[in-house]
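# Architecture at a glance
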Amino acid sequence: MRRTIRRFWVLPLALAVVYGALLWPKTAAPVSVTLPEGPPVLIIDAGHGGEDGGAVSVSGQVESSINLSVALRLDALMGFVGVTSVLLRDSDTSLHDADASTVAEKKKSDLQNRVAQVNATENAVLISIHQNTYTDSGNHGAQVFYADEAGSFVLAQTAQEALRLALDPANARKPAKIPDSVYLMKHVTRPAILAECGFLSNPAEDKLLGTDAYQIKISLALAAAYWDVYYR
Ligand SMILES: [Zn+2]
């Protein structure tokens, strides 16, 4: 009984601390960001889906399902605070056109459709959710990548800090420019970040990434960062 009570309290308390840390008035000078004319629309992209599962973890977890779980939680949090958000996918599907037949065609069509939806949305801001993997299983820690579009860097910086506070205060990773090879991020014409929430190739992080508590902390950190940049 005591364990149940303690567990019941620890998570809300941790989340309140993280959220508070992001939303409390800061002493540092405010960052400059060009705000859209109308209210921003958060587009949440759960990376991969359907036949394209993305990376597979050391324990067999599939990246696409963790991405989706975090995306759904982020969307729910946005709804909770009354912020407009759109999920590019809300189930384990690929977004390819019906006439795409090969795996390569489906992948290409899926990415083109994601880009089209982002670029067709006025005042869109994109948060794409992925999980990392590397040959060295020692690599760990969330890292946020940003697109070329103005506004991307400040959101990446804020999200990187929020993820550091929420997940691992010792994480020294810095936000980085996304490589040109990432189709979605290269082709969107809206502020965009891609969050690599952790390494599926690291056994400890893989285990954490599969838990409700850790996924809630990730989604809350991303929500707080978005709020901090666009609503504070
Ligand atoms: Zn991925």
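In short, a report on the structure.

What counts as what
Residues numbered from 1 in each chain as written. Predicted model: local features only at pLDDT ≥ 70, side-chain atom pairs only at ≥ 80, totals over all residues. Core = buried A, V, L, I, M, F, W, Y, C linked by C-beta atoms within 7 Å. Buried ≥ 20, exposed ≤ 12 C-beta atoms within 10 Å, placed from the backbone. Helix = DSSP H or I, 4+ residues; strand = E, 2+ residues; numbered from the N terminus. Contact = placed C-beta atoms within 7 Å. Pairing = 2+ DSSP bridges. Right-handed = clockwise from strand over helix to strand, strands pointing away. Axes fitted to C-alpha atoms, helices over the stretch in contact; angles between N-to-C directions.

## A closer look at the nonpolar core
Note on soluble globular proteins: their nonpolar side chains tend to be buried together. Ala159, Ile193, Ala195 and Leu222 are the most contacted members of the largest nonpolar core, which totals 56 residues. Those elements that place two or more of their residues in this core are strand S1 (41-46), helix H2 (63-80), strand S3 (124-132), strand S4 (143-146), helix H4 (152-167), helix H5 (183-187), strand S6 (192-199) and helix H7 (212-230). In terms of residues, this core owes the most to one element, H7, which gives twelve residues. In contact with Ala159, not counting residues within four places along its chain, are Val144, Ile193, Ala195, Leu222 and Ala225.

## Quick look at the pairing of S1
Burial of S1 is extensive: five of the six residues sit out of reach of the surface. Strand direction decides the pairing type here: S1 and S3, joined by six bridges, are parallel. The residue bridging Ala46 from the neighbouring strand is Ile129, located in S3. Taken together, the three bridges between S1 and strand S2 (residues 85-87) define a ladder with parallel strand orientation. Its bridge partner being in S2, Ile44 is matched across the sheet by Leu87. Once the chain exits S1 it traverses H2 before rejoining the sheet at S2, and the crossover so formed is right-handed.

## Considering the sheet that holds strand S5 (residues 176-177)
Pairing is mixed across the open sheet formed by six strands, whose spatial order is S2-S1-S3-S6-S4-S5. The outermost strands of the open sheet, each flanked by one partner alone, are S2 and S5. In this sheet, S5 lies alongside S4 in parallel orientation, the contact comprising two bridges. Within S5, the position partnered with Tyr146 by the bridge is Lys177. In the packing of H2 onto the sheet, contacts are made with S1, S2, S3 and S6, and the angle to S3 comes to roughly 145°. In this fold H7 packs onto S1, S3 and S6, with an angle of close to 155° to the strand it touches most, S3.

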